[in-house]
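One-letter residues, chain by chain:
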Amino acid sequence: GKQKMVKIVFVIGGPGSGKGTQCKRIAQQFGYTHLSVGELLRQEINSGSETGSMIQKIMKEGKLVPSDVTVRLLQQAMRGMDSDKFLIDGFPRNEENVKTFENLTKMDPEFVLYLDCPQDEMERRLLTRNEGREDDNIETIRKRFKVFMESTLPAVQYYESKGKVKKVDAGKPVDEVFESIKVIFSQRKD
Ligand code: UP5
Ligand code: MG
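Residues numbered from 1 in each chain as written. Chains lettered and ligands numbered in written order. Predicted model: local features only at pLDDT ≥ 70, side-chain atom pairs only at ≥ 80, totals over all residues.

Caption draft 1: Looking closely at the site of ligand 1. Close to ligand 1 lie 29 residues, the nearest being Pro15, Gly18, Gly38, Gly90 and Arg125. Among the secondary structure elements, those contributing two or more residues to the shell around ligand 1 are helix H1 (19-30), helix H2 (37-46), helix H3 (50-60) and helix H8 (174-186). For the shell around ligand 1, the per-class residue count stands at 11 nonpolar, 11 polar and 7 charged. (Near = placed C-beta within 6 Å. Helix = DSSP H or I, 4+ residues; strand = E, 2+ residues; numbered from the N terminus. Nonpolar A, V, L, I, M, F, W, Y, C, P; charged D, E, K, R; others polar.)

Put into structure tokens, the structure is as follows:
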């Protein structure tokens, strides 16, 4: 059959850098389908499955869910959407995620949008978010920051070495961050 040409953009940034906030806007303005891997994992927890309870424990510790689990959920979600442009929010989180995604999907991102934000600003945002997330307490937040620096930044560096990273200053107000992002997405042609 005909191979559907699917485009993907990864959106990476620390906890509270504004991935969800900005992805919503990008999706609206540029016609992407927004998939938050954190949301997919929270849906799996809410489904009450055994995998869900395994995920819940890991998330509460601020650790990373095994790659085969995340990539499977992500693949399922992509297959279920009739779209050819995906914004993948909050993935990949480490180099193992990258390898697993490459092996299982045989796809490569168009580019990686990196939301670069100072940690004290991210901490302030998360502590005032009030969405009832089980991982939004200072103890888990600090663990999430540590995982981001130790595991996720190396994955960003991997894409940097391939010339695929577009970095924006995400410490500014929401509208200003989106202005910088718009420049990047406006330069892309379909
Ligand atoms: N806000 C946003 N932008 C702002 C701005 N410019 N100025 C002022 N305020 C701003 O924003 C956070 C808060 O800040 C909101 O209140 C917002 O209004 C405000 P948000 O857009 O929600 O930030 P985001 O980067 O999406 O923060 P989030 O907490 O979702 O990031 P995480 O990366 O921590 O969470 P995620 O859901 O992606 O992952 C959760 C957990 O799932 C991980 O810790 C891990 O355990 C697990 N996980 C995996 O194991 N593997 C994966 O691949 C993905 C997740
Ligand atoms: Mg988010």
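Caption draft 2: Quick peek at the environment of Lys60. One can find Lys60 in helix H3. For Lys60 and Arg124, which are 64 residues apart along the polypeptide, the C-alpha to C-alpha distance reads 19 Å. Leaving out residues up to four positions away in the same chain, Lys60 has contacts with Glu134, Asp135 and Thr140. (Contact = placed C-beta atoms within 7 Å.)

Caption draft 3: The arrangement of the confidence of the model for the protein chain in detail. For the protein chain, the average pLDDT comes to 96, and 97% of its residues sit at 70 or higher. Predicted complex, confidence summary: ipTM 0.99, pTM 0.97. (pLDDT = per-residue confidence, 0-100.)

Caption draft 4: Layout of the sheet that holds strand E2 (residues 33-36). Read from one edge to the other, the open sheet built from 5 strands follows the order E2-E3-E1-E4-E5, with strand pairing classed as parallel. Strand pairing shows two members of the sheet lacking a second neighbour, E2 and strand E5 (165-169), which therefore form its edges. Across the sheet, the mean angle from the axis of one strand to that of its neighbour is 20 degrees, orientation sign disregarded. As defined by bridge partners, strand E1 (residues 7-13) adjoins strand E4 (residues 111-116) across 5 bridges and the pair is classed as parallel. Within E4, the position partnered with Gly13 by the bridge is Leu115. Of the strands in this sheet, E1, E2, strand E3 (85-89) and E4 are in contact with H1, which crosses E3 at around 170 degrees. (Pairing = 2+ DSSP bridges. Axes fitted to C-alpha atoms, helices over the stretch in contact; angles between N-to-C directions.)

Caption draft 5: View of the nonpolar core. Core analysis: the biggest nonpolar cluster contains 35 residues, and Phe10, Val11, Leu74, Leu87, Ile88, Leu113 and Leu115 have the highest contact counts within it. Per-element accounting of this core gives the leading share, 5 residues, to E1. For Leu74, the contacting residues outside a window of four places in its chain are Leu35, Val37, Leu40, Ile88 and Phe91. (Core = buried A, V, L, I, M, F, W, Y, C linked by C-beta atoms within 7 Å. Buried ≥ 20, exposed ≤ 12 C-beta atoms within 10 Å, placed from the backbone.)

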